[in-house]
Amino acid sequence: MSSTVLPSGCGICGKQKDLLRCEQCKVMPYCGPNHQSDHLQAHKSACNDIKECREVMEAEEIVLNDHLNTGFVMTAYPFDNSNTHPLPLYSFYDYMSACFTLIKATKRVRNHESTEAQLSYLMYMLGLCRSDVRGIRILVPPLMLSLNKDQDCYDFIKWWNSDYYKQDQEGTILPYVDITGDDPFEPVDFLEQHAVCLTLLKVKMFLDLQCVEESFFVLRPRLPREIVDQIHRSVPQSLIIRECRQIVRADREGCLELLLKLEEQIQQMHRMVSKRNQWFWNMLAHPVNWLDEAPDEYAIGSVEEAALTLCASYDAWRDTPNALDFINAITDTHPLLKDIRDVGPNSST
Ligand SMILES: [Zn+2]
Ligand SMILES: [Zn+2]
């Protein structure tokens, strides 16, 4: 299966319905006060951190409000195209830094609610500051993948690789992230940015399609229809795969062709990423210590760039069952890639 395994529900028992949220951090749900108090010890440190960072962010929001001198509302929908403030960048700087620190603190809680909150802050920040001076855009697609927003992830990556650059060239403000429902199976030739995350998306699609193909076409002739249908329903699928024409039409040939196409695209993207940065794939296979702190600066092709991409995307790789095994097997077939164990934090261990 390739739906992600991001935890959700009550922090103790995982119950999914009738939950209350921790009032301090607003990202940890509980089934009731008993489990909230059972979790207090484990949750306290991250919770306080998030609360403090939010207070700083809210104070900066008031300052920014004064700058804007207009009805600036934090809860505005992040994709709202009218959200373009003709303010100089420095007006946003402290506010953006506070938001970024809040996102880092929120990351300490690993669950669905926290991931939703991080994504929402990031999209809002990108809407405010399209030039993305902080380089936060690389954090967006992995969060979308962890949340199983696979189509949103594809559209976001496509937009950054196409329309974003037109904004600079044409000197106009085009609508923000206005690509929706593009074909995630299409060729990947357009790709310059977010190559690692698009690779993960394709791996996720491949594993999902393979799983459905096996339950749908391989088991059906051998087992009673109702049992196969039951298995088919219980296989978690991304919407992309569930709505895939070949599956809907029960066209096995087409489905196998699609699997082959995805596999080729994954190989192509693996090469593209290796060409830009020879460290990344081996770092993903041996991440120890590299995940501790994302570097602030990097040069293209450097170990630091690989570490930054690793820190941004590792949770999404880990959240997608079998994705790491799948990609590491491809990396193993490229022995000429630079071995990350020869340098940096791992070399002394
Ligand atoms: Zn509970
Ligand atoms: Zn809390």
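Residues numbered from 1 in each chain as written. Chains lettered and ligands numbered in written order. Predicted model: local features only at pLDDT ≥ 70, side-chain atom pairs only at ≥ 80, totals over all residues.

Student: When you look at helix H5 (residues 150-161) in this model, what are you seeing that I'm missing?
Tutor: An α-helix turns once per 3.6 residues; consequently, residues spaced three or four apart project the same way. With twelve residues, H5 should reach 16 Å at 1.5 Å per residue; the first-to-last C-alpha distance of 17 Å fits that figure. Of all the positions in H5, only Asp150, Asp152, Cys153, Tyr154, Phe156, Ile157, Lys158 and Trp160 are classed as buried. (Helix = DSSP H or I, 4+ residues; strand = E, 2+ residues; numbered from the N terminus. Expected span 1.5 Å × (residues − 1). Buried ≥ 20, exposed ≤ 12 C-beta atoms within 10 Å, placed from the backbone.)

Student: What is the right way to read unusual backbone geometry from this model?
Tutor: A positive phi angle, close to 50°, is found at Asp18, a residue other than glycine. Here Asp18 shows up in the segment before strand E1 (20-21). On the basis of neighbour counts, which here come to 9 C-beta atoms within 10 Å, the residue Asp18 falls in the exposed class. Phi at His194 takes a positive value of approximately 65°, unusual for a residue other than glycine. Relative to the helices and strands, His194 resides in the loop between helix H6 (163-170) and helix H7 (195-218). Among the residues examined, His194 registers 24 C-beta atoms within 10 Å and is labelled buried.

Student: Can you help me understand the packing of H7 against helix H11 (residues 252-276) in this one?
Tutor: Between two packed helices, the angle of one axis relative to the other and the distance separating the axes together describe the packing. In contact at an axis separation of 9 Å, H7 and H11 are set at 155° when each is read in the N-to-C sense. Judged by the inter-axis angle, H7 sits roughly antiparallel to H11. Considering the relative orientation of H7 and H11, their crossing is left-handed. Across the interface between the two elements, Ala195, Val196, Leu198, Thr199, Lys202, Val203, Met205, Phe206, Leu209, Gln210, Glu213 and Phe217 from H7 touch Arg252, Cys255, Leu258, Leu259, Leu262, Glu263, Gln265, Ile266, Met269, His270, Met272 and Val273 from H11. Residue composition of the contact of H7 with H11, grouped by class: 16 nonpolar, four polar and four charged. (Axes fitted to C-alpha atoms, helices over the stretch in contact; angles between N-to-C directions. Parallel < 35°, antiparallel > 145°, perpendicular 65-115°, else oblique. Left-handed = near helix turned anticlockwise from the far one by under 90°. Contact = placed C-beta atoms within 7 Å. Nonpolar A, V, L, I, M, F, W, Y, C, P; charged D, E, K, R; others polar.)

Student: Sorry if this is basic, but what is going on with the UniProt feature "domain: MYND-type" (unreviewed entry) in the protein chain here?
Tutor: Within this numbering scheme, the UniProt entry marks residues 10-47 as carrying the feature "domain: MYND-type" (unreviewed entry). For residues 10-47, the helix share is 39%, the strand share is 11%, and the end-to-end C-alpha distance is 15 Å. (UniProt positions renumbered as here; feature names shortened; annotations may be inferred.)

Student: What is the right way to read the nonpolar core from this model?
Tutor: Nonpolar side chains in soluble globular proteins generally cluster together in the buried interior. The biggest cluster of nonpolar side chains holds 78 residues, and the ones touching the most others in it are Cys99, Leu122, Leu200 and Leu209. With 14 residues, the single largest contributor to this core is H7. Each of domain 1 (20-128 + 152-170) and domain 2 (195-346) accounts for three or more of the residues forming this core. Leave out the neighbours within four places in its chain, and Leu209 touches Ile241, Cys244, Cys255, Leu258, Leu259 and Leu262. (Core = buried A, V, L, I, M, F, W, Y, C linked by C-beta atoms within 7 Å. Domains from an automatic or database assignment.)

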